[in-house]
Each structure stands twice: as structure tokens, then as C-alpha cells.
Amino acid sequence: VLCDYGAACLLLPMKLFRPLIRDAGYSLQSARNACQSTGLSLTAVMRRMLETGLRDCVMIIWRYGHKPSEYVPSLVGQMNLFGSPTAMDPPKKPRVDYFYTTPMNSRFIRKDKSVEPGTSVARVFEKSPGTITRGFDYLEITNQSGHYLTESILVILEGQARAFSFVYFEELSS
């Protein structure tokens, strides 16, 4: 992560990067384009975008799984008389793995906080890696719940599916 940050600072100096993002638009597609033209990782480019301060948003890396405190019968070897061993397990959900904020943002997002199945974040886990989804989701991930524009992309990290999201905190009027 520190190497990614150093490379991003060298290859994308803020003096050049901020106007580039302002002109291209602040989006996951712009981040992906910057990755392709610089050879940097998506994580490094998205974090660099946060540093521009052009949008009030956070970057969240999601995993699909159980909350660590949940009792999951199949994980402790409990058998099920009425079906597969996983039939009694609680449903897996998209959960916060890591988050990064803009310099002006003081929001805190709890690790393992989940989102509902119908959100665009949840739907990205059903897509192919590299697919970007967008949606206006009702999220309760901070102390300020509301409807927010969310962009997510499915990536594979160390063999595991992860979703990278920008959540934009310019709240939409209902």
C-alpha cells in the first residue's frame, strides 16, 4: 500500500492529476482510464482521486461474507438434518473491509458494516470482474444515513472477490 502511494505521488503529481480528474470527471471510469494510461493499481488511483478533494466521498473496499461475530453453523462443523450443511447459515452480505476518505471528510465507517441485498453495491458481486455498477442507494454506513450515488467495480484480490466503491455524500432529495 505504501509502495502504491509512493508510485501514485511520483507518476501522478497532484499539480497535474487534479486538473486531469476535473476535466475527465470524477468517476470509476476515469479511475480505470488513469490506471490504463499510467500502469498504477486501481487502489492507488482511487486513493489519489480522494486526495484531490474534488468530491465529498469515500472509497470503500467490500467483501462478501458473514459478520465475524455471527454464528455460522457450517463453519463449526454443525450438520443439518434437513439439507446441506450451509442451509442453516445466515445469509452472506457485502461488508466493509476497508475505507478511505477525502481530507475534508470526518466520517467513520465501521468495519464489517453491511448493505442490503438490493443495493448497487450488492449487485456488483453478481457481475463479471471489471464491470462498473451505479445506483442511488439508501445507505446506513455512517451516522448520516441517506440516499447516495454509489459507483462500484468488482475486482479479484488475492483470489477473493472484492468490490471497490465510491460513495458520494452529496445527498439526493427524496
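Bear in mind the structure is a predicted one, so any value in this text is a computation, not a measurement.

Caption draft 1: Fine view of the environment of Ser-152. Examined against the element boundaries, Ser-152 turns out to sit in strand β4 (residues 146–157). The residues touching Ser-152, leaving out its near neighbours within four places in the chain, are Leu-28, Val-121, Val-124, Thr-131, Ile-132, Thr-133, Phe-164 and Ser-165. There is a polar contact of 2.5 Å between the side chain of Ser-152 and the side chain of Ser-165.

Caption draft 2: Structural detail: a nonpolar patch on the surface. On the surface, a cluster of nonpolar side chains totalling about 370 Å² of accessible area is made up of Tyr-71, Leu-75 and Val-76. Judged by its relative accessible area of 57%, Val-76 is exposed.

Caption draft 3: Quick look at the sheet that holds strand β3 (residues 132–139). Strand order in the open sheet formed by five strands is β2-β1-β5-β4-β3, with antiparallel pairing between adjacent strands. Of all the strands in the sheet, the pair left with one neighbour each is β2 (93–101) and β3. Each strand axis lies, on average, 30° off the axis of its neighbour in the sheet, ignoring direction. Looking at chain direction, β3 and β4 are connected through eight bridges and run antiparallel. Its bridge partner lying in β4, Thr-133 is registered against Ser-152. Set on the sheet, helix α3 (residues 28–38) makes contact with β3, β4 and β5 (160–168); between it and β4 the angle comes to about 30°.

Rules used throughout
Residues numbered from 1 in each chain as written. Predicted model: local features only at pLDDT ≥ 70, side-chain atom pairs only at ≥ 80, totals over all residues. Heavy atoms only, no water. Helix = DSSP H or I, 4+ residues; strand = E, 2+ residues; numbered from the N terminus. Contact = heavy atoms within 4.5 Å. Polar contact = N/O pair within 3.5 Å; in protein donor to acceptor, adjacent residues only side chain to side chain. Patch = residues over 30% accessible without salt bridge, like charges linked within 9 Å, V, L, I, M, F, W, Y side chains within 5 Å. Areas by Shrake-Rupley, 256 points an atom, 1.4 Å probe, with all protein chains shown as cover. Salt bridge = Lys/Arg side-chain N within 4 Å of Asp/Glu carboxyl O. Buried < 20%, exposed > 50% of the residue type's maximum accessible area, 1.4 Å probe, protein only. Pairing = 2+ DSSP bridges. Axes fitted to C-alpha atoms, helices over the stretch in contact; angles between N-to-C directions.

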